[in-house]
Amino acid sequence: MRIDPAGVLLGGFGLAAGLALPLVTVAPNRLVSGQGVSLWAVGQRLGPQLEQVTGQDAWVADVSSTALALALALVVTSLLMLSLIAFWRKAAMGPDGMTVALGVALIPALLLLAGRYALHISQNESTLSRTALGSGFWVMVLVVWLAVSNALQRLRAGWALGAGVRAVIAGCVLAALALGWCDQLSLMREFANHADTLGAAVLRHVQIVVLTLLPALCIGLPLGWMVNRSTRLRQWLLPPLNVIQTIPSIALFGLLMVPLAWAAQAWPGLAAMGVSGIGLAPAVVALTLYSLLPVVRGTQAGLAQVPGAVLDAARGMGMGSAQMFWHAQLPLAAPVILAGIRTATIQTVGLAAVAALVGAGGLGAIMFDGLFGSAQDLVLLGVLPIVGLAVLLDLGFEVLNRLAHVRTGGTV
Amino acid sequence: MIRFEHICKSYKGARVVDDLNLHIARGELLVLIGASGSGKSTILKMINRLEPHDSGRILFDGREIQSFKPRDLRLRMGYAIQSVGLFPHWTVARNIATVPNLLGWPAAKIGKRVDALLTLFELAPAQYRTRLPHQLSGGQQQRVGVARALAADPDVLLMDEPFGALDPVTRAALQQALKRIHRQSGKTIVLVTHDIDEALLLATRVVLIDQGRVVQQATPLDLLSRPANATVEEFVGRSDIGIKWLSLQSAVDRARAQPTSPGLTLAAQASLREAVSIMALHHVDRINVLDTSGQHAGVLYAADVFAPQGTPGG
């Protein structure tokens, strides 16, 4: 019998988190920190409810109560099984397939349980009381996610299957949220309170990212090409770009406020275009500066690794500079250039949150509202879409990357 | 076909090519040989203007090469290098079709040409057309590289140590292939190498380059039998110069027209070197010789090989 050590470790962690850490915390209002409630206690409290819920007539209640019952059973059994599964070699689906299946069921089930408990609290205690997702929930979700990834890797699942499994998990979670089964969770109540501003904040965030990447690419790609041709330029240009990366983002935003405010005053045309010391302008300028290094470096490294023999042969056969660039240099450098743009994009999505401090808005504004008001779930409401955005964009780049590699015939 | 007239080139103050005069006739397989740093690659690259020259004239087809656009000049000359330089993201077929595509040939003609070249280099078209370079062995990649250089039926084929990176067996096979193609097509080929055996095997004329100058130009046989000076002797390999000389001559040519004598028989098309080797190994002084069709052609006597009239220097 071969044991999968990673599986044992993750199963153990999951079980320990389920037993020892609170699944949710309950607080009398949104500003006080709450009391932890363990998975066990949640089960004890919700168990007797099952019969009452089944009595209701609306079909939603039926579905949700069935789902609840299933979720309860699932959470308990699958946590147990996940921890044992690594030892279990002769299961019909194989232990790794089983882990994936359990993982897909477990994450939505945990969420459903927490949501149900929140509903129970709001019905039986004060409507001001807040039920928030506890450390146990987050640790279990993380552990299950890792266990699923580990199992997919052991199964040598293709990239498409891996993405599919993750999409199913995300889809189930989103469906549970959309159906309103978690509406009484603190996070969703914050969502309801900020629903009008959240959409605008996401749009604003995307706007900052796009406005940053456009100039970063327009400047960075040609700069990378030039840097690759001239060692002198490389020695002059890359150190300042490196230094920019080391400036803390808040400091850079602050540093840019003064010159931009001055520029807007000196040239009214700029001010008319919306440039000022605060808001979008310093944010986009700073983020563009941060993005230049990965884009320039990626472009330079990509072009530099194009085999010299290919270019030598191409020139010898009569290709002109432009033909060599489009037929050989660009397609062969594409994967590395793409990696640079990917880094710049993901970095910008994250750093754009900080730009809220200079009044640029975006999801960072919601996050800082939560931080300054010590409302943890409001912080989450700002951060989770940022993470989601980053994951989505990363996924998009992964697809592009695969396409670029297929074209070069290299191994991924 | 190609004529160098008083060509000089310096690189960072050092003379790389020094007053070079050289004429390459149509249909020759001319081998430029020399130690590394002798300037032989530079001379080759001057022909298709990858390396500019400082002074003198290079004529191609009677016209000075400066009067051509580099692109037009290169499209008329095939170019194959040691590191091959296939486009890694293109299939074998598209790689071979590079120059025909640049010349704007119709697709049907290109397809036919690619298949013909693959067949010429013993790569089954159906099997290899759609492969990517990384799916080929080193020898196969070099075959495709040479096929690519020949694709648009160029007037001249320039080859810079094309077989340098291959194992001895693959190298020998490709050398034979090149020899065959040269014989069949009658193309002018200029090949750079530092391997004297490759030069002696392939060349119709060998040009030995040292410090950017021509030390000697001669047929392989003449180079061995009449080395111009000590540098040539040194380069050719003083101790086994006679053995190399033997290897360039056919056993049939020295055989006496006699009926079969009892004893050993040499394989068809064997060289004198093989004959001497077998006679030494088996302690005999004569051996039966076959002609190219495998018929008995005569008897070779050891005494005739070492007779005064045909020896090196004689």
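Cut-offs used in this document
Residues numbered from 1 in each chain as written. Chains lettered and ligands numbered in written order. Predicted model: local features only at pLDDT ≥ 70, side-chain atom pairs only at ≥ 80, totals over all residues. Heavy atoms only, no water. Core = buried A, V, L, I, M, F, W, Y, C linked by side-chain atoms within 4.5 Å. Buried < 20%, exposed > 50% of the residue type's maximum accessible area, 1.4 Å probe, protein only. Helix = DSSP H or I, 4+ residues; strand = E, 2+ residues; numbered from the N terminus. Domains from an automatic or database assignment. Pairing = 2+ DSSP bridges. Axes fitted to C-alpha atoms, helices over the stretch in contact; angles between N-to-C directions. Contact = heavy atoms within 4.5 Å. Phe/Tyr/Trp six-rings, centres within 6.5 Å; stacked < 30°, edge-to-face > 60°.

K.L.:
Sorry, what's going on with the nonpolar core here?
P.N.:
Soluble globular proteins tend to bury their nonpolar side chains together. Counting residues in hydrophobic clusters, the biggest one holds 84 residues, and the most contacted among them are Phe87, Ile96, Met159, Leu223 and Leu300 of chain B. No other element matches the seven residues that helix H14 (residues 321–351) of chain A contributes to this core. Here this core gathers at least three residues from each of two domains, domain 1 (2–243) and domain 2 (250–305) of chain B. The next biggest cluster of nonpolar side chains, apart from the first, holds 35 residues, and it includes Val26, Val42, Leu111 and Leu152 of chain A.

K.L.:
Just checking my understanding: could you explain the sheet that holds strand E3 (residues 130–133) of chain A for this structure?
P.N.:
Consider a sheet: its strands pair through backbone hydrogen bonds, and that pairing is either parallel or antiparallel. Residues and elements named next belong to chain A. An order of E2-E1-E3 is seen for the three strands of this open sheet, with the pairing classed as antiparallel. Looking along the sheet, the strands with just one partner apiece sit at the ends: strand E2 (35–38) and E3. Sheet twist, expressed as the mean angle between neighbouring strand axes with direction ignored, is 30 degrees. Note that strand E1 (residues 22–27) and E2 share four bridges and pair antiparallel. Paired with Thr25 across the bridge in E2 is Gly36.

K.L.:
How do you make sense of the sheet that holds strand E4 (residues 55–60) of chain B when you look at a structure like this?
P.N.:
Residue and element names in this part refer to chain B. In space, the four strands of this open sheet follow the order E2-E1-E4-E5, with antiparallel pairing throughout. Each end of this open sheet is capped by a strand with a single partner; those strands are strand E2 (14–24) and strand E5 (63–64). Bridge count between E4 and E5: two bridges; the pairing is antiparallel. Residue pairing across strands places Phe60 opposite Arg63, the latter belonging to E5. Docked against the sheet, helix H1 (residues 40–47) engages strand E1 (2–11), E2 and E4, running at close to 120 degrees with respect to E1.

K.L.:
Explain the packing of aromatic side chains to me, please; I cannot follow it from the model alone.
P.N.:
Between two aromatic rings, the relevant description is the distance of the centres plus the angle of the planes. Residue and element names in this part refer to chain A. Counting across every chain of the model gives six aromatic pairs over all chains. Summarising the aromatic geometry, the rings of Trp262 and Trp267 are spaced 5.9 Å apart at their centres and angled 80 degrees between planes, so their arrangement reads as edge-to-face. Here Trp262 matches Trp267 in class, with each residue exposed. Aromatic pair Phe368 and Phe372: ring centres 5.7 Å apart, planes at 20 degrees, arrangement stacked. In this pair, Phe368 and Phe372 both sit in helix H15 (residues 363–372), four residues apart, roughly one turn of the helix. Looking at Phe368, the relative accessible area reads 13%, which means it is buried.

Read these as geometric descriptors, not functional statements.
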